[in-house]
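Here is how the chains run, residue by residue.
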Amino acid sequence: MSNTQTEQEHGGHNEYERQPVPAKALLGFKSFLGMYAGEHCAGTELMIGPLFVAAGVGASDLIWGLLLGNALAVISWMLLCGPIATRTRLTLYNQLEKICGFKLVTLYNVANGVMFCFLAGAMITVSATAIGVWFDIKMPGLNDIYPNSAGWVFAVLAVGAVISIVAAFGYHTVAKFANLSAPWMVLVFVAFGLIGLKQFIDISDKEINSVGSLWNLAKTEIWKGGDPQPGMAKFTFWHVTFFAWFCNMAMHIGMSDLSVLRYAKKSWYAIAAGAGMYIGHFMAWISASILYAYQLRLDPANTDVLPGPLAYKAAGFAGILCVIIAGWTTANPTIYRAGLAFQAIMPKKSRFAVTLFTGAIATIAGMFPAFAMKLLGFVSLYGLLLMPMGAIIFVDFWYFKKIGLQPNFAELAKKSFNWAAGLSWFITLGISWFAVQQGYIQIYFVSLPGWFLTAFLYIMLSRIYQKQFKIESPLHFAIGSIGRLALIALVVIGVMYSQGNIELAQTKTYMTIITLIWFGCAGFNMIKEKK
């Protein structure tokens, strides 16, 4: 996982929040290589790696899935995010405000801030597991949702309080400390993998004298496949591929890293993300998963995914320290950025107060282990929530002029809420969530068709909205759009029934509801036109 932002964005000099980055402020390739390599080897890796094992993934599916998925992630940074970032040199929020309007961007900030809080809460959970080892605290299990002991609550409170206060006071100190710690953390992760592998060799009493015998150990002892742990989805090659690709979807396809890559001299510098993908999302995930697999080998009943105990058994005090620092250096800037997102909504409040409030939310979230234990699903939801805005930016920038539409429409028309963009976002999320809840598609895959759906909706709705915005109120446009979508839904329901996805009784109910929606919308617009 990444908490991408460049340190200079929070520095004391000009941050270029409302203007393009000038040539004098551009950075070289090494700046991005170091940033991505350090920031993607973080606290989340200690949770995600073990969860692959808990999901019953096989060795071939894991290795090949990570190789392909991480490559697709790097390509997404290079082809989607990088070219726009180096052409506009604007922050994500500035770019969105030009397209969507201030009010819609404010809503986006709320969603982004809330998800950042939950992610920071998961990282507080990671650090708290290390505190739990020292004080012998009863810690949550794989399927726990709520706090299971007073000691756990106090551990999370202590960690969350320290992280929140430091985030409010000293971002730069932590940023420098994180950069200092990054090489050490990477090598500790390497050590985790080597130590865990040696432990497997010893306990299995197998002779490893070739790549083939090592691979056989991996297939039969470490990533054996089979059924997942209770409460976990079964992971295959495609699950691993799409998870590795989309776990940072908010950053590349969702365009959050426009704010980072706007400082790059060349768009191809986005390939630097590969350092983070293959150090953090390949090596670190594999190393952490080896530690968890060894835990299960010793005691199959011990399914708890607790980075603190795992690291302590492998590397002692150094392992505990790695868990604390990894969680801390990840949660701290995440809370800081969530605070910035909320402060944009409440500009009169001090950043200090808003950051403390944000830290309190993250700390409360950290008490509930479900955010960390279900991290695979959570980061997929995070990407899904922010992905549509990336599709909107991509289509608006590259295609609108070519198809006769006006890019940056909110800025041109002085609109505070671009309903074409807003409805594209809401409808995509609604359809995607419905499809996941009904079991038509898993959340790990839904963002791919969701991106194309958003792009299609944004083009179609913009054709209507831009043509009529001078004479049509937002309410009139919204109701008209709902009516048109109701007509499309009639056909969709028929197709779903013909494919056996829904029963006849459901079909009749849905058709009736959609018909009422259509006539209600059409009738409303007829009355408005007469007036």
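Residues numbered from 1 in each chain as written. Predicted model: local features only at pLDDT ≥ 70, side-chain atom pairs only at ≥ 80, totals over all residues. Heavy atoms only, no water.

## Re the overall build of the protein chain
Keep this limit in mind: Strands are runs of DSSP state E lasting at least 2 residues, helices are runs of H or I lasting at least 4, and numbering of each runs from the N terminus. Radius of gyration: over C-alpha atoms. The globule rule applied is 2.2 Å multiplied by the number of residues raised to the 0.38 power. Relative accessible area decides the class of each residue, using a 1.4 Å probe on protein chains only: under 20% of the type maximum gives buried, over 50% gives exposed, and in between gives partly exposed. When charges are tallied, Lys and Arg are placed among the positive residues and Asp and Glu among the negative ones, while His and the ends of the chain are skipped. In this description, the location of a charge corresponds to atom NZ of lysine, CZ of arginine, CG of aspartate or CD of glutamate.
Each helix and strand in the protein chain was counted, giving 20 helices and 0 strands. For 531 residues, the compact-globule formula gives about 24 Å, and the C-alpha radius of gyration of the protein chain, at 24 Å, lands near that figure. For the protein chain, the spread of C-alpha atoms along the principal axes amounts to about 85 × 60 × 45 Å. Among the 531 residues that make up the protein chain, the fraction classed as buried is 57%. Across the protein chain, the 36 positively charged side chains and the 23 negatively charged ones have centroids separated by 14 Å.

## Examining the packing of helix H1 (residues 29–39) against helix H11 (residues 273–298)
Selection criterion: Lines are fitted to the C-alpha atoms to define the axes, a helix being fitted only along its stretch in contact, and any angle between axes, read from their N-to-C directions, falls within 0 to 180 degrees. Relative orientations are named as follows: roughly parallel for angles under 35 degrees, roughly antiparallel for angles over 145 degrees, roughly perpendicular for angles from 65 to 115 degrees, and oblique for any other angle. Crossings are assigned a handedness: left-handed for a near helix turned anticlockwise from the far helix by less than a right angle, right-handed for a clockwise turn. Should any heavy atoms of two residues lie within 4.5 Å, those residues are counted as being in contact. In this classification, Asp, Glu, Lys and Arg are treated as charged, Ala, Val, Leu, Ile, Met, Phe, Trp, Tyr, Cys and Pro as nonpolar, and every other residue, Gly included, as polar.
Relative to each other, H1 and H11 sit at 25°, their axes nearing to 7 Å. Here H11 runs roughly parallel to H1, going by the angle between their axes. Where H1 crosses over H11, the two elements pack in a sense that is right-handed. In this structure, H1 uses Leu33, Tyr36 and Ala37 to contact H11, whose residues at the interface are Ala273, Ala275, Gly276 and Ile279. Looking at the contact of H1 with H11 residue by residue, the classes come out as 6 nonpolar, 1 polar and no charged.

## A closer look at the environment of Ile286
As for its placement among the helices and strands, Ile286 is situated in helix H11. For Ile286, a relative accessible area of 13% translates into the label buried. A sequence separation of 224 residues divides Ile286 from Leu62, and the C-alpha atoms of the two residues are 8.6 Å apart. In this view, Ile286 contacts Leu62, Ile63, Leu66 and Trp223; residues no more than four positions away in its chain are not counted.

## A word on unusual backbone geometry
Most peptide bonds take the trans form, and the phi angle of most residues other than glycine is negative. Even without being a glycine, Arg89 presents a positive backbone phi close to 55°. Summarising the element assignment, Arg89 is placed in the loop between helix H3 (59–88) and helix H4 (92–100). One non-glycine residue, Asp136, lies in positive phi territory at about 50°. Within the secondary structure, Asp136 is located in the loop between helix H5 (102–135) and helix H6 (150–169). What makes Asp136 exposed here is its relative accessible area of 71%.

## So, the packing of aromatic side chains
The condition is simple: For Phe, Tyr and Trp, rings pair up if their centres lie within 6.5 Å, where Trp contributes its six-membered ring, and each pair is then called stacked (planes under 30 degrees apart), edge-to-face (over 60) or tilted (otherwise).
Taken as a whole and assessed by the stated rule, the structure comprises 36 aromatic pairs. For the ring pair Phe189 and Phe192, a centre distance of 5.8 Å and an interplane angle of 80° mean the geometry is edge-to-face. Taken as a pair, Phe189 and Phe192 lie in helix H7 (residues 171–204) at a separation of 3 residues, close to a single helical turn. Owing to a relative accessible area of 0%, Phe189 belongs among the buried residues under this scheme. Exposure remark for Phe192: the relative accessible area of 0% places this residue in the buried category. Taken together, Phe237, Trp238, Phe242, Trp245, Phe246 and Phe445 form an aromatic cluster joined through their ring pairs.

## Things to note about H4
The buried fraction of H4 amounts to 7 of the 9 residues, a majority that puts the element mostly inside the structure. If you check which residues of H4 are buried, you get Leu92, Asn94, Gln95, Leu96, Lys98, Ile99 and Cys100. A positive phi of about 95° marks Gly101, the residue just after H4.

## Description of a nonpolar patch on the surface
The cut-off we apply is this: Only residues whose relative accessible area exceeds 30% and that form no salt bridge enter a patch; like-charged residues are grouped when within 9 Å of one another, and nonpolar side chains (Val, Leu, Ile, Met, Phe, Trp, Tyr) when within 5 Å. Surface accessibility in these figures is a Shrake-Rupley result with a 1.4 Å probe; residues are shielded only by whichever protein chains are displayed. Salt bridges, as used here, are contacts in which a Lys or Arg side-chain nitrogen is within 4 Å of a carboxyl oxygen on Asp or Glu.
A cluster of nonpolar side chains, Val110, Val114, Ile345 and Met346, forms an exposed patch at the surface whose accessible area comes to about 250 Å². With respect to the secondary-structure elements, Val110 resides in helix H5.

## Describing the environment of Phe342
Within the secondary structure, Phe342 is located in helix H12 (residues 307–345). Taking C-alpha positions, Phe342 is 8.6 Å from Thr355, a pair spaced 13 residues apart along the chain. If we ignore the near neighbours within four places in the chain, the residues touching Phe342 are Val110, Gly113, Val114, Cys117, Val354 and Thr358.

## Things to note about the side chain of Thr86
Threshold: Counting of polar contacts relies on pairs of N or O atoms within 3.5 Å, with two restrictions inside protein: one atom must be capable of donating a hydrogen and the other of accepting it, and residues adjacent in sequence are counted only when both atoms are side-chain atoms.
With respect to the element layout, Thr86 can be found in helix H3. Of the residues examined, Thr86 reaches a relative accessible area of 14% and is grouped as buried. A distance of 3.4 Å separates a polar side-chain atom of Thr86 from the backbone oxygen of Pro83. Ignoring anything within four residues of it in the chain, the contact list for Thr86 reads Leu261, Ala264, Lys266 and Ser267.

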